[in-house]
Amino acid sequence: MRSLKTIIKQRKSTSQKIVFTLAFILFSIYTLYVLSFFVFAIVCALKQDNDTYMMDKIAVKLFSVSKPNFKNFTEAFDQLQVVLQGFSFWKLTWNSLWRTITSAVLSVMTSAMVCYILVFYKSKFTKMIYFVGLFVAILPLYGSLGASYRLMENLGLINNPLNMIVSISLYGGYFFYMYSFFKTLSWQYAEAAFLDGAGHFKTFTRVMFPMALPSVSALFIMTFINGWNDYESTLLYMNEYPNLSYAVYAYSENQKYVANMPGLFAGVIITMLPALILYLCFQNTIMEKVHLGGLKG
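All values reported here derive from a predicted model rather than from experimental measurement.

### What about helix α7 (residues 175-183)?
Turning to step 1, where the next piece is worked out: Along α7, the residues that are buried comprise Phe175, Met178, Tyr179, Phe181 and Phe182. Here the buried residues of α7 occupy an arc of 160° about the axis, which is enough to place them on one side.
Turning to step 2, where the next piece is worked out: Each element contacted by the buried residues of α7 is listed here: α4 (89-120), α5 (124-138) and α9 (200-228).

### Description of a positive patch on the surface
Turning to step 1, where the next piece is worked out: Taken together, Lys122, Lys124, Lys127 and Lys183 make up a surface patch of like positive charges.
Turning to step 2, where the next piece is worked out: Checked against the element boundaries, Lys183 lands in helix α7.

### Focus on a nonpolar patch on the surface
Turning to step 1, where the next piece is worked out: Where nonpolar side chains cluster on the molecular surface, the patch consists of Phe125, Met128, Val132, Phe135, Val136, Ile138 and Leu139 and spans about 680 Å² of accessible area.
Turning to step 2, where the next piece is worked out: The topology assignment puts Met128 in helix α5.
Turning to step 3, where the next piece is worked out: On the basis of relative accessible area, Met128 is assigned to the partly exposed category, the value being 44%.

### Considerations on the environment of Pro210
Turning to step 1, where the next piece is worked out: As for its placement among the helices and strands, Pro210 is situated in helix α9.
Turning to step 2, where the next piece is worked out: Apart from residues no more than four positions distant in its own chain, Pro210 is found in contact with Phe204 and Thr205.

### Thoughts on the side chain of Asn69
Turning to step 1, where the next piece is worked out: Turning to its location among the elements, Asn69 is positioned in the loop between α2 (50-58) and α3 (71-83).
Turning to step 2, where the next piece is worked out: Ignoring sequence-local partners within four residues, the contact set of Asn69 consists of Ala45, Leu46, Lys47 and Gln48.

### What to know about the packing of aromatic side chains
Turning to step 1, where the next piece is worked out: Taken as a whole, this structure holds 25 aromatic pairs when the rule is applied.
Turning to step 2, where the next piece is worked out: Taking the centre distance of 4.7 Å and the plane angle of 50° together, the rings of Tyr116 and Phe204 count as tilted. Here Tyr116 is found in helix α4, whereas its partner Phe204 is found in helix α9, with 88 residues between them in sequence.
Turning to step 3, where the next piece is worked out: The buried category is assigned to Tyr116, whose relative accessible area is 4%.
Turning to step 4, where the next piece is worked out: Residue classification places Phe204 among the buried residues on the basis of a relative accessible area of 9%.
Turning to step 5, where the next piece is worked out: Ring centres 5.7 Å apart and planes at 25° place the aromatic pair Phe224 and Trp228 in the stacked group. Of this pair, Phe224 and Trp228 both sit in helix α9, 4 residues apart, which is roughly one turn of that helix. The two residues Phe224 and Trp228 agree in class, both being buried.

### Focus on the nonpolar core
Turning to step 1, where the next piece is worked out: Core analysis: the biggest nonpolar cluster contains 31 residues, and Ala45, Tyr53, Phe73, Leu84, Leu92 and Phe265 have the highest contact counts within it.
Turning to step 2, where the next piece is worked out: For this core, the secondary structure elements donating two or more residues are α1 (4-45), α3, α4, α9, α11 (244-253) and α12 (261-281).
Turning to step 3, where the next piece is worked out: No other element matches the 8 residues that α12 contributes to this core.
Turning to step 4, where the next piece is worked out: For this core, the two domains that each supply at least three residues are domain 1 (4-71) and domain 2 (81-289).
Turning to step 5, where the next piece is worked out: With residues near it in sequence (within four places) discarded, Phe73 still touches Ala45, Leu46, Ala266, Ile269 and Ile270.
Turning to step 6, where the next piece is worked out: Core analysis: the second largest hydrophobic core is formed by 25 residues, Leu118, Tyr179, Leu185 and Phe209 among them.

Rules behind the numbers
- Residues numbered from 1 in each chain as written.
- Predicted model: local features only at pLDDT ≥ 70, side-chain atom pairs only at ≥ 80, totals over all residues.
- Heavy atoms only, no water.
- Buried < 20%, exposed > 50% of the residue type's maximum accessible area, 1.4 Å probe, protein only.
- Helix = DSSP H or I, 4+ residues; strand = E, 2+ residues; numbered from the N terminus.
- Arc of directions from axis to C-beta.
- Contact = heavy atoms within 4.5 Å.
- Patch = residues over 30% accessible without salt bridge, like charges linked within 9 Å, V, L, I, M, F, W, Y side chains within 5 Å.
- Areas by Shrake-Rupley, 256 points an atom, 1.4 Å probe, with all protein chains shown as cover.
- Salt bridge = Lys/Arg side-chain N within 4 Å of Asp/Glu carboxyl O.
- Lys, Arg positive; Asp, Glu negative; His and termini not counted.
- Charge placed at Lys NZ, Arg CZ, Asp CG, Glu CD.
- Phe/Tyr/Trp six-rings, centres within 6.5 Å; stacked < 30°, edge-to-face > 60°.
- Core = buried A, V, L, I, M, F, W, Y, C linked by side-chain atoms within 4.5 Å.
- Domains from an automatic or database assignment.

Function cannot be inferred from these measures alone, as they are strictly geometric.
Quick look at the structure:
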């Protein structure tokens, strides 16, 4: 006869298979749902002209394309820069790059450095800083946008590249993520570096931080994608340094140009391509939390 342990193990295996199967089905449905929006945008961008788009919309045939018009993609370059006169497509792209990269680096690096200090340099002050972070995380803050704008206006940070310093925050969006990572990291790595004559800064940059690179890279990519699609900060604080997402927003809000909906969809696709390519290249880094390193001896 089979033992009770074997029966329980088989039942557990069966229940796990059921759960994994249901999860796979649900995530597959969700994936198809998300992909349908990309397919919809591509199909609409390939419409012959705006009249064809409107006729298909009335006939509820937006997912059908009789004669693909790839010229919409080439014309989108001109359409995006026509709305923002004085800013070429490449200048918009440059603004997107330097603003997004600067913001992502400052945000992620400050969170990593602050969390490193709070975890490994214990004192009453660092404990207080951590508990303040807990309090700020659970405190519902609403209606602070007006005060933030007035503060930056008084500091002369409106339409100023130095506006990027607002990305430096003690409690960034990934504060607790990095804090949890460093809590799992052994301090013996640093002790070994101290024995070899390394100082505190060199220990962090040469020993501890490199082991956090997989996690930091994942956070950087997610922050980059979020910043690349951000048009609200341009609308409020940096309208003299417009990015691509803001150009698409301005195009969609301008009644003079919104009549060409296929061109608008083509512009949206062109704008999101860099972020999409970045995600496809580093999806494993984003989806998996990788820890490298080990103690020997």
